[in-house]
Amino acid sequence: MARLVPPPPPEHAGARRPNVWGFMAPPPAFERVETGPYLLRPRVFMNALGAICFAFAFLLPFITINAYVISIATSAVIYIMLASGLNIVVGYAGLLDLGYVAFFAVGAYTWGIMSTRLHWGMIESIPVVLAICVVAGIVIGGPTLRLRSDYLAIVTLGFGEIIRITANNIQVTGGPQGIYGIPKFSFLGLDLSVPITIGGIVFQPAVSYYMFCVFCMAVAVLLAARLAKGRMGRAWKAVRDDEDAAEAMGINTYATKLTAYITGAVWGGMAGVLMGSHLGSVAPGSFVFLQSALVLMAVVLGGMGSTPGIVIGALVISLGPELLRGFGNGRYFLFGVLLIVCMLFRPQGVWPSTWRLPFLRSARVERVDILDDSAGNLLDRTDLTPQAGDDTSAEPQGGGR
Amino acid sequence: MTDAPYPTEPAVILQVNDLAVFFGGVRAVDGLTFSVKPREIISVIGPNGAGKTSAFNCITGFYRPSRGTVIFRHENITGMRPSKVARRGMSRTFQNLRLFRDMSVLDNVRTGLHARLAESFIDTALHTPRYRRAERGSIDAARGWLDFVGYASSEEAFVAELPYGEQRRVEIARALAADPTLLLLDEPGAGLNRNEKQGLAELIRGIQNLGIAIVLIEHDMGLVMDISERVVVMNYGKEIADGTPAEVKADPAVIEAYLGTEET
């Protein structure tokens with residue numbers, strides 16, 4: 001703090017002025033440049049990595065069309081979607097939700113009822129499912145989000161159970177048997193329940209459905225990541241890190257938490273729709289607390305608030321038991337031990353949100369003095385530049401992240 | 001962007017009348033009255049536990065006052081939600097730094113711009129031109145404020161990695177980003193060395209030059225006497241003096257509160 005603050009230029013004295021973007025703020029005293037090769041800039045590299053992973057997942061059927069592989073891959077993809085939804089609630093907004101599977105159930109049941117009882121198609125159903133998930137989010141989140149941490153966890157746990165027990169006991173959801181015969185999607189004249197031939201390649205229903213799920217998952221993950229980087233995402237993270245400070249910044253913490261909860265509900269509901277069609281049936285037994293715990297495990301294991309983290313977490317959670325199939329009945333035991341070991345050695349998750357790949361760390365934003373000032377700015381900055389420049393040129397740039 | 005530009009500001013922007021807050025039997029604040037004019041620098045001083053921070057929390061809406069009113073720019077904001085108070089142009093910092101630990105410095109400052117960003121969910125999801133404009137503009141504004149407070153480390157750093165003095169600067173930049181008319185600083189000088197305090201005094205004057213009024217809680221008498229135009233002294237939740245630094249220094253009640261009475 002030794003450096004003295006340059007006095008504001010005379011034009012500024014007594015009245016704040018908007019900057020060139022219309023925000024009330026002084027113009028920056030330095031220019032910023034991103035250093036490092038273009039491809040190694042974190043944003044560019046991570047986007048490219050995401051695109052490659054998407055392409056690989058999407059084209060997996062060209063490597064194998066083994067029915068078993070495609071089936072567990074579809075489940076894994078749906079799990080990624082679920083985890084990205086729960087990540088909004090737990091990872092970004094910091095709300096411990098132990099009943100997340102309730103929204104999964106709401107989505108699956110709504111789609112199940114609409115497709116089997118009312119014979120609606122996908123295009124008409126999606127808005128209804130969205131609306132019902134939003135309502136469910138408000139009904140469950142509205143009263144509970146006034147609570148903090150542990151209390152919230154208990155109440156969401158309760159709501160998760162209420163949804164399951166209700167589904168188990170009312171007629172429209174088919175009671176304990178649930179709903180079966182849910183069709184695969186058909187939309188815009190493209191029916192995924194029959195083999196499709198495109199360019200001489202035959203896509204079996206399971207394969208085309210898998211590709212459809214990968215596409216939906218990619219949209220869900222991309223949207224969640226984008227929301228997290230925008231205005232609302234910053235508000236979510238602010239609420240997670242310090243509720244009072246967020247409130248002091250003009251963020252209505254209750255409304256912010258509710259939007260996170262509703263967004264999470266929509267993600268969960270859409271994953272439920274996909275799962276309903278994937279399995280062809282929904283039953284209350286699929287929505288037990290263990291499911292909520294597993295999705296939460298995926299988020300925590302991967303790294304809360306981290307997009308690559310939750311993808312890894314969801315893959316581990318959904319594929320782990322399958323990969324350990326060789327160990328017979330002991331596989332769940334072994335899986336549990338592996339998870340515990342993993343959390344012991346890396347409690348912040350496999351890929352924490354603040355972690356950056358080592359070879360991306362050289363890229364950073366550096367400050368340089370403004371040299372080529374346009375005439376207008378020059379007036380503003382004549383008093384600023386010499387002082388500020390002299391002082392900082394000698395100071396090392398702070399820790400690069 | 002601001003609802004009222006500086007020339008039309010009322011003559012008194014903050015009027016605190018007979019403010020009181022009780023916790024059970026504890027009278028944390030008991031009858032505090034003071035007012036703030038535009039561009040004024042006022043210090044609130046008093047021994048530890050005198051109720052200074054409680055008074056701040058009442059004014060900014062974190063506590064609901066048991067008695068009294070707070071009028072901010074002609075509007076009664078008593079008992080209003082802190083976020084609403086903040087959106088009306090009152091910004092604050094906290095006694096123990098309360099930055100967002102898992103967010104970068106730049107994002108920390110950008111949360112201050114939350115209420116000013118015209119960016120909807122759809123904009124963010126689809127990266128519309130409006131989103132790009134809001135993001136670019138908020139980054140530029142946040143950088144402007146970081147440069148203004150003299151922050152010299154990396155803007156991508158996480159708060160936990162920063163030296164204490166830099167964290168203080170980030171917190172002030174974040175509060176300024178909310179475009180306040182009145183800035184409340186709760187012990188901004190705590191934990192700073194002499195040199196840094198000198199920088200802080202300069203910074204506070206710089207903020208005043210922007211047309212922002214400042215109320216600060218401070219223990220460092222040198223700093224208080226140096227920069228304040230008026231000083232409010234509190235003890236046991238009560239206001240015992242209100243005047244210019246020279247008046248307050250000579251006030252027998254203040255001397256008694258700080259040094260104790262002479263035993264005879």
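What counts and how
- Residues numbered from 1 in each chain as written.
- Chains lettered and ligands numbered in written order.
- Predicted model: local features only at pLDDT ≥ 70, side-chain atom pairs only at ≥ 80, totals over all residues.
- Heavy atoms only, no water.
- Helix = DSSP H or I, 4+ residues; strand = E, 2+ residues; numbered from the N terminus.
- Buried < 20%, exposed > 50% of the residue type's maximum accessible area, 1.4 Å probe, protein only.
- Contact = heavy atoms within 4.5 Å.
- Areas by Shrake-Rupley, 256 points an atom, 1.4 Å probe, with all protein chains shown as cover.
- Buried area = accessible area lost by both parts, 1.4 Å probe.
- Salt bridge = Lys/Arg side-chain N within 4 Å of Asp/Glu carboxyl O.
- Polar contact = N/O pair within 3.5 Å; in protein donor to acceptor, adjacent residues only side chain to side chain.
- Pairing = 2+ DSSP bridges.
- 1 Å grid on protein atoms, 1.4 Å probe; cavity = no way out; pocket = protein on both sides within 12 Å on 5 of 7 lines; lining within 4 Å.
- Points joined across faces, edges and corners; volume = space filled by probe spheres on them.
- Nonpolar A, V, L, I, M, F, W, Y, C, P; charged D, E, K, R; others polar.
- Patch = residues over 30% accessible without salt bridge, like charges linked within 9 Å, V, L, I, M, F, W, Y side chains within 5 Å.
- Domains from an automatic or database assignment.
- Expected span 1.5 Å × (residues − 1).
- Bend = angle between axes of the 7 residues up to and from the residue.
- Phe/Tyr/Trp six-rings, centres within 6.5 Å; stacked < 30°, edge-to-face > 60°.
- Lys NZ or Arg CZ within 6 Å of the ring centre and 35° of its normal.
- Right-handed = clockwise from strand over helix to strand, strands pointing away.

## A short note on the overall build of chain A
And step 1. When helices and strands are counted, chain A shows 14 helices and eight strands.
And step 2. Taken across its 401 residues, chain A has 51% of its residues classed as buried.
And step 3. Counted over contacts in chain A with a minimum sequence separation of 6, partners at least 24 positions apart contribute 74%.
And step 4. Only carbon and sulfur atoms are counted for the fraction: they give 69% of the accessible area of chain A, which is about 18000 Å².

## Re the interface of chain A and chain B
And step 1. Across the contact, 62 residues belong to chain A and 76 residues belong to chain B.
And step 2. Both faces combined, the contact of chain A with chain B buries some 6300 Å², and carbon together with sulfur accounts for 59% of it.
And step 3. At the junction of chain A with chain B, the criterion picks out six salt bridges.
And step 4. Arg32(A) serves as the salt-bridge partner of Asp147(B), at 2.9 Å between the closest nitrogen and oxygen.
And step 5. Counting across the chain A and chain B interface gives 20 residue pairs in polar contact (both at pLDDT 80 or more).
And step 6. For the side of chain A that touches chain B, the secondary-structure elements that each account for two or more residues are strand S1 (30–34), helix H6 (205–229), helix H7 (231–241), helix H8 (243–248), helix H9 (253–279) and strand S8 (365–369) of chain A.

## Some points on the sheet that holds strand S4 (residues 67–72) of chain B
Residues and elements named next belong to chain B.
And step 1. Read from one edge of the open sheet, four strands run S2-S1-S4-S5, paired in antiparallel fashion. The two strands at the open ends of the sheet, each matched to only one other strand, are strand S2 (26–36) and strand S5 (75–76).
And step 2. As judged from the two bridges shared by S4 and S5, these two strands associate in the antiparallel manner. Note on S5: the bridge partner recorded for isoleucine 71 is asparagine 76.

## Remarks on the layout of surface pockets
A probe matching the size of a water molecule, rolled over the atoms, marks out where space remains unfilled.
Residue and element names in this part refer to chain A.
And step 1. The computed volume of the second largest pocket comes to approximately 630 Å³.
And step 2. For the second largest pocket, the lining is made up of 27 residues, of which Tyr79, Gln291, Leu294, Ile317 and Tyr332 are closest to its centre.
And step 3. Sorting the residues of the lining of the second largest pocket by element identifies helix H2 (67–92), helix H3 (101–116), H9, strand S7 (281–282), helix H10 (289–302), helix H11 (307–323) and helix H12 (331–345) as the ones contributing at least two each.
And step 4. The greatest single-element share of the lining of the second largest pocket, amounting to five residues, is contributed by H10.
And step 5. Tallied by class, residues from the lining of the second largest pocket come to 18 nonpolar, eight polar and one charged.

## Concerning empty space enclosed by the protein
And step 1. For the structure shown, the criterion picks out six cavities of 30 Å³ or more.
And step 2. Taken as a whole, the second largest cavity encloses approximately 60 Å³ of empty space.
And step 3. Only S8 of chain A together with helix H5 (129–148) of chain B provide two or more residues apiece to the lining of the second largest cavity.
And step 4. Grouping the amino acids of the lining of the second largest cavity by side-chain chemistry returns three nonpolar, three polar and four charged.

## Observations concerning the side chain of Arg41(A)
Residue and element names in this part refer to chain A.
And step 1. With respect to the helices and strands, arginine 41 occurs in the loop between S1 and helix H1 (42–58).
And step 2. Residue classification places arginine 41 among the buried positions, given a relative accessible area of 19%.
And step 3. Setting aside residues no more than four positions away along its own chain, arginine 41 makes contact with Glu34, Thr35, Gly36 and Ala363.

## What to know about a nonpolar patch on the surface
Residue and element names in this part refer to chain A.
And step 1. A cluster of nonpolar side chains, namely Phe333, Val337, Ile340, Val341, Leu344 and Phe345, defines an oily patch on the protein surface of about 690 Å² accessible area.
And step 2. Checked against the element boundaries, phenylalanine 345 lands in helix H12.
And step 3. Phenylalanine 345 gets classed as exposed once you look at its relative accessible area, which sits at 70%.

## Quick notes on the domain arrangement of chain B
A common way to state how big an interface is: give the accessible area lost once the parts meet.
All names here are of chain B.
And step 1. The assigned domain composition of chain B is domain 1 (1–89 + 180–264) and domain 2 (101–179).
And step 2. Taken residue by residue, the interface counts 21 residues in domain 1 and 14 residues in domain 2.
And step 3. Buried surface at the junction of domain 1 and domain 2, both sides included, amounts to about 1400 Å², of which 68% is carbon and sulfur.
And step 4. The interface formed by domain 1 and domain 2 includes two residue pairs in polar contact (both at pLDDT 80 or more).
And step 5. Elements represented by at least two residues in the side of domain 1 that touches domain 2 include exactly strand S7 (182–186) and helix H7 (194–209).
And step 6. Top contributing element to the side of domain 1 that touches domain 2 by residue count: H7, with five residues.
And step 7. Here the side of domain 1 that touches domain 2 is built from residues that sort into 12 nonpolar, five polar and four charged.

## Things to note about helix H6 (residues 164–177) of chain B
Residues three or four positions apart in an α-helix share a direction because the helix packs 3.6 residues into each turn.
All names here are of chain B.
And step 1. For H6, which comprises 14 residues, the first-to-last C-alpha distance of 20 Å matches the rise-based estimate of 20 Å (1.5 Å per residue) to within 8%.
And step 2. Among the 14 residues that make up H6, 13 are buried, leaving the element largely enclosed by the rest of the structure.
And step 3. Downstream of H6 by a residue or two, aspartate 179 has a phi angle that is positive, lying close to 60 degrees.

## Description of H11(A)
Residues and elements named next belong to chain A.
And step 1. In this model, H11 (17 residues) spans 23 Å end to end at C-alpha, consistent with the 24 Å of a helix rising 1.5 Å per residue.
And step 2. At isoleucine 317, H11 is bent by approximately 30 degrees, the largest bend along its length, and proline proline 321 sits one to four residues beyond.
And step 3. Close packing links the buried residues of H11 with H2, H10 and H12.
And step 4. N-capping of H11 is provided by serine 306, with a side-chain oxygen placed 3.0 Å from the backbone N of glycine 309.

## Considerations on unusual backbone geometry
All names here are of chain A.
And step 1. A positive phi angle, near 55 degrees, is found at histidine 119, a position not held by glycine.
And step 2. As for its position among the elements, histidine 119 is in the loop between H3 and helix H4 (122–144).
And step 3. Residue class for histidine 119 comes out exposed when judged on its relative accessible area of 63%.

## As for the packing of aromatic side chains
Residues and elements named next belong to chain A.
And step 1. Scanning the entire structure with this criterion turns up 13 aromatic pairs over all chains.
And step 2. With a centroid separation of 5.6 Å and 80 degrees between ring planes, the pair formed by phenylalanine 103 and tyrosine 261 is classed as edge-to-face. Of this pair, phenylalanine 103 sits in helix H3 while tyrosine 261 is found in helix H9, placing the two residues 158 residues apart along the sequence.
And step 3. Taking 5.8 Å as the distance between ring centres and 50 degrees as the angle between the ring planes, the aromatic pair formed by tyrosine 109 and phenylalanine 287 counts as tilted. Residue tyrosine 109 is located in helix H3, and its partner phenylalanine 287 is located in the loop between S7 and H10; the two are separated by 178 residues in the primary sequence. We note that tyrosine 109, like phenylalanine 287, is buried.
And step 4. Geometry around tyrosine 254 places arginine 146 over its ring, the cationic atom sitting 4.1 Å from the centre.
And step 5. In this structure, lysine 184 is placed above the aromatic ring of tyrosine 209, and the distance from its NZ or CZ to the ring centre is 4.9 Å.

## Points about the environment of Leu296(A)
Residues and elements named next belong to chain A.
And step 1. Following the sequence through the fold, leucine 296 ends up in helix H10.
And step 2. For the pair leucine 296 and aspartate 97, spaced 199 residues apart in sequence, the C-alpha separation works out to 8.2 Å.
And step 3. Once residues within four sequence positions are removed from consideration, leucine 296 is found in contact with Leu86, Val90, Leu96 and Leu98.

## Comments concerning the pairing of S7(B)
Side-chain positions along a regular strand alternate between the two faces of the sheet.
All names here are of chain B.
And step 1. Of all five residues making up S7, five are buried, and the element is well covered by its neighbours.
And step 2. Covered by surrounding structure in S7 are Leu182, Leu184 and Asp186 together with Leu183 and Leu185, the residues of both alternating faces.
And step 3. Bridge count between strand S6 (residues 90–92) and S7: three bridges; the pairing is parallel. Pairing of arginine 92 across the sheet is with leucine 184, part of S7.
And step 4. Summarising the sheet, S7 and strand S8 (residues 213–217) pair through five bridges and their orientation is parallel. Among the inter-strand pairings, leucine 185 is bridged to a residue of S8, identified as leucine 216.
And step 5. Note on the crossover from S7 through H7 to S8: the handedness is right-handed.

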